[in-house]
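Per-entry structural report
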Amino acid sequence: MAVADPKPSFVGRLFAEHRAALQSFFLRRIRSKADAADLAQEVYVRMLRIRDLEAIRNPVSYLYTVANNLVKEHAVLDRRQASGVDIDEMPAHEQLATLPAFDGDLDAAQRVARLGAVLKQLRPKCRAAVELRFTQGLAYREIAVQLGVSPQMAKKYVAQGLSHCRRRMARLG
Amino acid sequence: MNSNEDGIRAAIAEQAGEWFVANDAGPLDAQDSAALAAWLKTSPVHIEEFLAVSTIARDLKEARTDPEYSLEAILARARAAEDTSVKSLWSRVIDTVWVRPPRRWFPIAATTAGFAVLIGVLLTWNVSRIQHPTAPERIAELHLATRHGEQLTQRLADNSVLHLNTDSAVSIRYSKSERLVMLMSGEADFEVAHEAHRAFRVQTVSAEVIDLGTKFDVRLEQGTTVITVVEGRVAVGPPKLSQNHSAQLINLNADQQIRVAEGQWPAAPVAVDAGRTTAWLHQQIAFDNEPLERVAAEYNRYISTPIEIVTPALRNLRISGVFATEDPEAFIAFLRSLKGVRVAVTATRIRVSGE
């Protein structure tokens, strides 16, 4: 951002006129690969500053809260605030909805279409487990019954499916 | 990104997937939360992968596979598929990266960074041509193995179900004429789909079991084979039955057990509670008035930090109860509740001593 601009009023006016475009610029920036790493780096720094990590009751909520705050504040660019995070009481899955994606500069529709294609490449059991969990919303116990495996195996299939998708998407992106 | 870095990334993505699922399956307990926090704190890459896996899970809710591909079709394919999915993921990283599973067998390990439990199932699938003396036949061979603390359930090609306990290895060979399972180490439980024209046989170094349509457990312990029948009936004989036609076979019925040491045939069956022998199928171990020494040895099959009995007099302390193999902490609490028993937990040992 042109912070050193000698005419702040001009910048202010420009910002007011192009607010939407600028915001989408930031969003896109955060979606790009380098900024995903930057974001992770920043979250990491914040996590390290928490003295008693064991005290974190819900690390996932904490992680999503910090990441979302950083995105909201564009704090990927402004690293001054690095402590004092109150864990958002919103359920983790709601917080997740606002997180940026981590697979390059794609819009949501492209990303989802690509993911659909990646999903088809999964091994049958992983694919079925992943679909049952995320598109059908079945519990792991129910997935186990559907696939005729143990609940532990059902979890393993979903975990593998997820990491597989992640890797394929990263390679494509 | 070089291939090594790629491999490490892949391994971290896999751990991230496991952690995501562990959290997704229900709220993590305090121990697991701490372990996850520690895992995230390890490196920004861990955080990046966890966030990335999280967003994939979110996007999957919107991802639609082909509309012409119904869920039923996907399920049918999944049920029919050979269970080789574990292979590609683990085999690539297993030699280079220590993987910490989300579900911890032993919570103390959670706080010790370098003390990761390696879980992993190595599955290799070989299809080899073996020359049969009479007619060449295509024989599929499947190797399954579990590591310390790992269990595996596998549906076989004939719909029989194999449960593999901790530290176990089997080799499965199906041909037109027979279904042969070789138990190389550890313990396996079989629910056999009956086939009139194709026997199901289990071989170990010290015994051979011929299934007669049933559910049974075979455990190999320092050369001694322990066979327990849960349902139905099996015939037990010495090894290499096919070359030893005069060998005496012993029928074993439900709730009967036989112990066969190497070269010690025949052996006598005894009555047991088969439910207790196969408690491991439900991640439990059960003891009925058994010495602490034996109980500790059983528990040590599942946990990463072994129990050590420091005071010799305690070895014969009688223990009864059912314990979860996944919850050694509860077992430690139980030991601590016993009169005159002290338990000290260190990074490498659970030391049980007298007061």
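It should be noted that the structure appears before, not after, this text.
Residues numbered from 1 in each chain as written. Chains lettered and ligands numbered in written order. Predicted model: local features only at pLDDT ≥ 70, side-chain atom pairs only at ≥ 80, totals over all residues. Heavy atoms only, no water.

**So, the overall build of chain A**
The helix and strand inventory of chain A stands at 9 helices and 0 strands. Along chain A, helices (α) and strands (β) appear in the sequence α-α-α-α-α-α-α-α-α when read from the amino end. Evaluated residue by residue, chain A yields a buried proportion of 44% over its 173 residues. Contacts spanning at least 24 positions in sequence make up 64% of the contacts within chain A whose residues lie at least 6 apart. Accessible area for chain A stands at about 8,800 Å²; split by element, carbon and sulfur atoms hold 54% of it. (Helix = DSSP H or I, 4+ residues; strand = E, 2+ residues; numbered from the N terminus. Buried < 20%, exposed > 50% of the residue type's maximum accessible area, 1.4 Å probe, protein only. Contact = heavy atoms within 4.5 Å. Areas by Shrake-Rupley, 256 points an atom, 1.4 Å probe, with all protein chains shown as cover.)

**Comments concerning the packing of helix α6 (residues 108-120) of chain A against helix α3 (residues 44-60) of chain B**
Packed helices, taken two at a time, are described by the angle their axes make and the gap between the axes. Interhelical geometry of α6(A) versus α3(B) gives an angle of 90° and a closest axis separation of 10 Å. In terms of orientation, α6(A) and α3(B) fall into the roughly perpendicular class. Contact with α6(A), carried on its side by Arg111(A), Val112(A), Leu115(A) and Leu119(A), involves Ile56(B), Arg58(B), Asp59(B) and Leu60(B) of α3(B) and no other residues of that element. Residue composition of the contact of α6(A) with α3(B), grouped by class: 5 nonpolar, no polar and 3 charged. (Axes fitted to C-alpha atoms, helices over the stretch in contact; angles between N-to-C directions. Parallel < 35°, antiparallel > 145°, perpendicular 65-115°, else oblique. Nonpolar A, V, L, I, M, F, W, Y, C, P; charged D, E, K, R; others polar.)

**What about the pairing of strand β10 (residues 224-231) of chain B?**
All names here are of chain B. Most of β10 sits out of view: 6 of its 8 residues are buried. Here 7 bridges tie strand β9 (residues 215-221) to β10, and the two strands are oriented antiparallel to one another. Directly across from Phe-216, in β10, lies its bridge partner Val-229. Here β9 folds back onto β10 in antiparallel fashion, the turn holding 2 residues, of which Gln-222 has a positive phi close to 45°. (Pairing = 2+ DSSP bridges.)

**Topic: the interface of chain B and chain A**
Taken together, the contact pairs 64 residues of chain B with 64 residues of chain A. For the chain B and chain A pair, buried surface summed over both sides reaches about 5,900 Å², with 66% attributable to carbon and sulfur atoms. Per-residue buried area on chain B facing chain A is highest for Leu51(B), Arg58(B) and Leu60(B); these three make up 11% of the total on that side. Connecting chain B to chain A are 4 salt bridges. The partner of Asp24(B) in a salt bridge is Arg133(A), with the nearest N and O atoms 2.6 Å apart. Only α1 (3-24), α2 (30-42), α3, α4 (71-80), α5 (85-93) and β3 (152-155) of chain B provide two or more residues apiece to the side of chain B that touches chain A. When residues of the side of chain B that touches chain A are assigned to their parent elements, the largest contribution, 15 residues, is made by α3(B). For the side of chain B that touches chain A, a count of residues per class yields 31 nonpolar, 12 polar and 21 charged. (Buried area = accessible area lost by both parts, 1.4 Å probe. Salt bridge = Lys/Arg side-chain N within 4 Å of Asp/Glu carboxyl O.)

**Remarks on the sheet that holds strand β16 (residues 307-309) of chain B**
All names here are of chain B. Reading across from one edge, β16-β19-β18 is the order of the 3 strands in this open sheet, with mixed pairing throughout. In this open sheet, the two strands that pair with only one neighbour each are β16 and β18 (341-345). Direction aside, neighbouring strands of the sheet carry axes that sit 25° apart on average. Inspection of the sheet shows β16 paired to strand β19 (residues 350-354) by 3 bridges, in the parallel sense. When the sheet's bridge partners are listed, Glu-308 is paired in β19 with Arg-351. Contacts from helix α8 (residues 292-300) reach β16 and β19 within the one sheet, and its direction differs from that of β16 by about 160°.

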